[in-house]
Amino acid sequence: TAGIKSTGLLPLTFSVKDNYPNPFNARTQIVFTVPESMDTQVEIFDCKGRIVKTLLNKPLDAGEYTLEWDGLNDLGRELPSGLYISKIQSGNHSGIIKMLLLK
């Protein structure tokens, strides 16, 4: 289950922070900033480049956001241990982070 929260801070630039904790077992947090209102997508890919989870796909106002990922795919099934890539795209900006899921 993904939850999103905003700190209410207004950033000047797009940025993506490393997820925490990493490596993770049950849950990890993804933090990013959006400098202005934009359509934003956050997707998780496996090591073969397949999308396994869409955490977010909607317009966001300017701010800093935190998403939580619980290691489940879009069907609600547990994913195996391994390397996953989170791609955060907002407007013309994008960033990626590498996440290590350990069971």
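The following paragraphs examine the structure supplied in this document. All figures in this text were calculated on a predicted structure; none of them were measured in a lab.

Some remarks on the packing of aromatic side chains
Applying the stated criterion across every chain, the model contains three aromatic pairs. With 5.7 Å between their ring centres and 70° between their planes, Trp69 and Tyr84 make a pair best called edge-to-face. Here Tyr84 lies in strand β7 (residues 82-90) and Trp69 lies in strand β6 (residues 63-69), a separation of 15 residues in the sequence. Residue Trp69 shares its accessibility class with Tyr84, and that shared class is buried. Aromatic rings pair up to connect Phe24, Trp69 and Tyr84 into one cluster.

Focus on the pairing of strand β4 (residues 38-45)
Pairing of β4 with strand β5 (residues 51-60), which is carried by eight bridges, proceeds in the antiparallel orientation. What sits directly across from Asp39, in β5, is Pro59.

Comments concerning the sheet that holds β7
The strand order across the open sheet formed by four strands is β5-β4-β7-β8, and the pairing between neighbours is antiparallel. Looking at the sheet topology across the chains shown, the edges are occupied by β5 and β8 (93-101). Sheet twist, expressed as the average angle between the axes of neighbouring strands with direction ignored, equals 15°.

Side note on the nonpolar core
Residues Ile30, Phe32, Ile44, Trp69, Tyr84 and Met99 are the most contacted members of the largest nonpolar core, which totals 21 residues. Going through the elements one at a time, β3 (28-34), β4, β5, β6, β7 and β8 are the ones with two or more residues in this core. The element contributing the most residues to this core is β5, with four residues. Once you skip the residues sitting within four places of it in the chain, Ile30 turns out to touch Asn19, Ile44, Leu55, Tyr65, Thr66, Leu67, Ser86, Ile88, Ile97 and Met99.

Description of the pattern of salt bridges
According to the stated counting rule, one finds four salt bridges in the structure shown. Among the salt bridges present, the one from Glu64 reaches Lys17, with a minimum N-O distance of 3.2 Å. One end of the pair, Glu64, is in strand β6; the other, Lys17, is in the loop between β2 (15-16) and β3, with 47 residues separating them in the sequence. On the basis of relative accessible area, Glu64 is assigned to the buried category, the value being 14%. When its relative accessible area of 41% is taken as the criterion, Lys17 is described as partly exposed. Between Arg50 and Asp46 there is a salt bridge, with its nearest N and O atoms 2.7 Å apart.

Comments concerning unusual backbone geometry
For the bond running from Tyr20 to Pro21, omega is -5°, close enough to zero to count as cis. Here Asn22 and Pro23 are connected by a cis peptide whose omega angle stands at 5°. Its location among the elements puts Pro23 in the loop between β2 and β3.

About the cut-offs
- Residues numbered from 1 in each chain as written.
- Predicted model: local features only at pLDDT ≥ 70, side-chain atom pairs only at ≥ 80, totals over all residues.
- Heavy atoms only, no water.
- Phe/Tyr/Trp six-rings, centres within 6.5 Å; stacked < 30°, edge-to-face > 60°.
- Helix = DSSP H or I, 4+ residues; strand = E, 2+ residues; numbered from the N terminus.
- Buried < 20%, exposed > 50% of the residue type's maximum accessible area, 1.4 Å probe, protein only.
- Pairing = 2+ DSSP bridges.
- Axes fitted to C-alpha atoms, helices over the stretch in contact; angles between N-to-C directions.
- Core = buried A, V, L, I, M, F, W, Y, C linked by side-chain atoms within 4.5 Å.
- Contact = heavy atoms within 4.5 Å.
- Salt bridge = Lys/Arg side-chain N within 4 Å of Asp/Glu carboxyl O.

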